[in-house]
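Coordinates in review
So you can see what is in the structure, the chains are spelled out below.
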Amino acid sequence: MLRSLTQSLPLSRYRIDRDHAARERPNLFDELAADPEARLVALWRGEVLLADAAAPVASAPDAAPAPALALLPWSAAPADALRVYLGRTLDAEGGVPAGAAITAVVLDDESAAALEPDVTRWGSPRTLGHRLGDRDAGLAIEALGMANWHATHLFSPRTGHPTLAGRAGWVRVDTETGAELFPRTDAAIIVGITDAHDRIVLGSNALWESNRFSLLAGFVEPGESLEAAVVREVFEESGLRVIDPLYVGSQPWPFPASLMLGFRARLDPAHANDLRPDGAEILDLRWFSRDELAASLDSILLPGRTSIARAIIEDWFGAPLDAP
């Protein structure tokens, strides 16, 4: 039976009050600099700084102690580094009280090396996000999404003029016209397709290893509903016609700037529906029964545990899969 997956998706978890009204205070960062309870989340090259005991183990990352963010005092990073106010904690956790203000700080190579020269203390939310606690998962994904947006909007797309961060990091301002640019997220659908025998179809993308298989996905086009995007993207990538797209959940995917909107859909029995990989993006397509998928886990790679694709596949399967 279909159910909403949103509450169980690794990167949809959060325990933060985003405290949007505080962004309007022009002296907010001065206030936080004087607040002994204010903390920083440090980012460098798309990774977050982890607490010392939480450093991932490359050979067996899921066997290591559960990771946690290093929440640093305000003075730990250079004053001129980009900062984005993330909000306030809802619970006391890890020595940080409830109500503590948390700000992301984006570091360059020199500042990151000065703060923490041990590169094993930095970890990617893409690979370890499912192991972070609810508070830290929400903070890491919010911070990374905003950092990626800032990195791609150093100049106004309208005028070409340089932009500067404003409103506690939640806008960028055109230095010539004063026009404000606000963060944007790209909507993308991802869909678990089943046939009359309740098999699921998985595809291998041209950018992946040849034995990695996942669900079909694609970006929503202007003027298009999510349901229409499901039907169009599936047909474009696979030649399959689907019906009854049903929404099952969403999660942010800031790699670099997407919101993944998960669906299930059924194969349309009115069409032949031969598998036809598009040959450009999708190179291989296969139907799997539950037994066939379980028997294939030693020869194919599945989506990572942080992804909504993995959650939809396991929801269809009926249990967690014994695969990385």
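In what follows, the structure referred to is the one given above.
Residues numbered from 1 in each chain as written. Predicted model: local features only at pLDDT ≥ 70, side-chain atom pairs only at ≥ 80, totals over all residues. Heavy atoms only, no water.

Digging into the sheet that holds strand S9 (residues 171-174)
Applicable threshold: Here a strand pair is declared whenever DSSP counts at least two bridges between the two strands. Numbering of helices and strands runs from the N terminus, with a helix taken as a DSSP run of H or I at least four residues long and a strand as a DSSP run of E at least two residues long. Any two residues whose heavy atoms approach within 4.5 Å are treated as being in contact. What counts as an axis is a line fitted to C-alpha atoms, over the stretch in contact for a helix, and the angles between N-to-C directions run from 0 to 180 degrees.
Judged by pairing direction, the sheet is antiparallel, and its 3 strands sit side by side in the order S8-S9-S10 without closing on themselves. The two strands at the open ends of the sheet, each matched to only one other strand, are strand S8 (163-166) and strand S10 (180-181). Relative to S9, S8 runs antiparallel, the two being bridged by 4 bridges. Residue pairing in the sheet places Leu164 in a bridge with Val173 of S9. Each of S8, S9 and S10 is contacted by helix H4 (residues 134-151), which is oriented at about 15 degrees to S9, the strand it contacts most.

Quick word on the nonpolar core
Nonpolar side chains in soluble globular proteins tend to be buried together. Defined as follows: By nonpolar core we mean a set of buried residues, namely Ala, Val, Leu, Ile, Met, Phe, Trp, Tyr and Cys, connected to one another through side-chain atoms within 4.5 Å. The buried label goes to any residue with under 20% of its type's maximum accessible area, the exposed label to any with over 50%, and the partly exposed label to all in between, with areas taken from a 1.4 Å probe on protein chains only.
Core analysis: the largest hydrophobic core is formed by 26 residues, its most contacted members being Leu202, Leu215, Leu293 and Leu302. Listing elements by their share of this core, those giving two or more residues are strand S11 (186-194), strand S12 (200-205), strand S14 (242-253) and helix H7 (308-317). Counting residues per element, this core draws most heavily on H7, which supplies 6 residues. Excluding residues within four positions of it along the chain, Leu293 makes contact with Leu202, Phe288, Ile300, Leu302, Ile313, Trp316, Phe317 and Leu321.

Details of the side chain of Glu314
To keep it simple, the criterion reads: Counting of polar contacts relies on pairs of N or O atoms within 3.5 Å, with two restrictions inside protein: one atom must be capable of donating a hydrogen and the other of accepting it, and residues adjacent in sequence are counted only when both atoms are side-chain atoms.
Along the polypeptide, Glu314 turns up in helix H7. There is a polar contact of 2.8 Å between the side chain of Glu314 and the side chain of Arg310. Beyond its immediate sequence surroundings of up to four residues, Glu314 is in contact with Arg305, Ala319, Pro320 and Leu321.

Looking at the packing of aromatic side chains
Geometrically, a pair of aromatic rings is defined through the distance of the ring centres and the angle of the planes. How we decide: Note on aromatic pairs: the rings of Phe, Tyr and Trp (six-membered ring only in Trp) are paired at centre separations within 6.5 Å, and the planes decide the class, stacked below 30 degrees, edge-to-face beyond 60, tilted for the rest. Comment: the charge-over-ring label is applied if NZ (Lys) or CZ (Arg) is within 6 Å of the ring centre and within 35 degrees of the ring normal.
Inspection of every chain in the model, using the stated rule, returns 6 aromatic pairs. Here the aromatic rings of Phe213 and Phe288 are separated by 6.3 Å at their centres, their planes lie at 75 degrees, and the arrangement is edge-to-face. Of this pair, Phe213 sits in the loop between S12 and strand S13 (216-219) while Phe288 sits in strand S16 (residues 282-288), placing them 75 residues apart in sequence. Taken individually, Phe213 and Phe288 each receive the classification buried, so the pair is uniform in this respect. For the pair Trp316 and Phe317, a centre-to-centre distance of 6.2 Å together with 55 degrees between the ring planes defines the contact as tilted. The ring of Trp74 carries the charged tip of Arg83 above its face, separated from the ring centre by 4.6 Å. The ring of Phe235 is capped by Arg276, whose NZ or CZ atom sits 5.2 Å from the centre of that ring.

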